[in-house]
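Commentary on secondary and tertiary structure
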Amino acid sequence: MSETRSEPDVQEQTPEPEGSTPGKPVGGTPEEPEDGAPGPGGKGLGSRAPRFVRERRTLHLSWQVGVFVVGLAVVVAGVLMLVLPGPGWVVIFGGMAIWATEFVWAQLVLRWTKRKVTEAAHKALDPRVRRRNIILTSIGLVVIAALVLVYVVRFGLELPWNIKE
């Protein structure tokens, strides 16, 4: 049995814009995104599924469900790694990146996150902020060293659970 399609192809439904070359796709490339708003790396928003998958609604829906399930599994693993050993936040952002291959909302969340991380990095590199952080770290290390010294003077090199009072 052959697959019959009741819907005409997308190219047959939409007229070609003025000044475009017939047969050449308009938008959707990194140079010319469909929504006119390139994201990081010049890519627009939307599905990055292969064209043959996007052209078939059932296959595309199955593709989206698969991407969602895989992304969800990775995000859940990352959340578990927040309390268990492992790089929790890195894995969570990896799951978000998997979702961003298919879902616009995840692409927008990743763009926002990248923007905030970049702003924080620039702020952390500000000489005044760096100087303040170095001073606070130094004070913290001096306080910790003083506490360790008090402990060693009072109890010696005995571990806390071996101390008998």
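Above: the structure in question.
Residues numbered from 1 in each chain as written. Predicted model: local features only at pLDDT ≥ 70, side-chain atom pairs only at ≥ 80, totals over all residues. Heavy atoms only, no water.

To continue, consider helix 6 (residues 127–155). Along its 29 residues, helix 6 runs 42 Å from first to last C-alpha, staying within 8% of the 42 Å computed at 1.5 Å per residue. Note on helix 6: the residue one or two positions beyond its end, G156, has a positive phi of about 80 degrees. (Helix = DSSP H or I, 4+ residues; strand = E, 2+ residues; numbered from the N terminus. Expected span 1.5 Å × (residues − 1).)

Glancing now at the nonpolar core. Counting eight residues, the largest nonpolar core is built from V67, V75, M96, W99, A100, F103, A106 and L110. Looking at this core, the elements with two or more residues in it are helix 3 (57–83), helix 4 (88–100) and helix 5 (104–124). The leading source of residues in this core is helix 4, at three residues. Among residues more than four places away in sequence, those in contact with F103 are Q64, V67 and F68. (Core = buried A, V, L, I, M, F, W, Y, C linked by side-chain atoms within 4.5 Å. Buried < 20%, exposed > 50% of the residue type's maximum accessible area, 1.4 Å probe, protein only. Contact = heavy atoms within 4.5 Å.)

Tracing the chain through its elements places R48 in the loop between helix 1 (10–13) and helix 2 (51–54). Taking the C-alpha atoms as reference points, R48 and A100, separated by 52 residues in sequence, lie 8.8 Å from one another.

One can describe the packing of helix 3 onto helix 4 by two numbers: an axis separation of 7 Å at closest approach and a directional angle of 170 degrees. The orientation of helix 3 with respect to helix 4, classified from their angle, is roughly antiparallel. Residues V67, F68, V70, G71, L72, V74, V75, A77, G78, V79, M81 and L82 of helix 3 touch helix 4, and the partners they reach there are G88, W89, V91, I92, G94, G95, M96, I98 and W99. Here the residues of the contact of helix 3 with helix 4 are counted per class, giving 16 nonpolar, five polar and no charged. (Axes fitted to C-alpha atoms, helices over the stretch in contact; angles between N-to-C directions. Parallel < 35°, antiparallel > 145°, perpendicular 65-115°, else oblique. Nonpolar A, V, L, I, M, F, W, Y, C, P; charged D, E, K, R; others polar.)

For the rest of this paragraph, the subject is the pattern of salt bridges. Enumeration over the complete set of coordinates arrives at two salt bridges. Of the charged contacts in the structure, one is a salt bridge between K116 and E119, with a shortest N-O distance of 3.7 Å. With K116 and E119 both in helix 5 and three residues apart, the pair spans about one turn of that helix. For the salt bridge of R128 with D126, the shortest nitrogen-to-oxygen distance reads 3.9 Å. Judged by relative accessible area, which is 62%, R128 ranks as exposed. Classification of D126 by relative accessible area gives partly exposed; the value is 25%. (Salt bridge = Lys/Arg side-chain N within 4 Å of Asp/Glu carboxyl O.)

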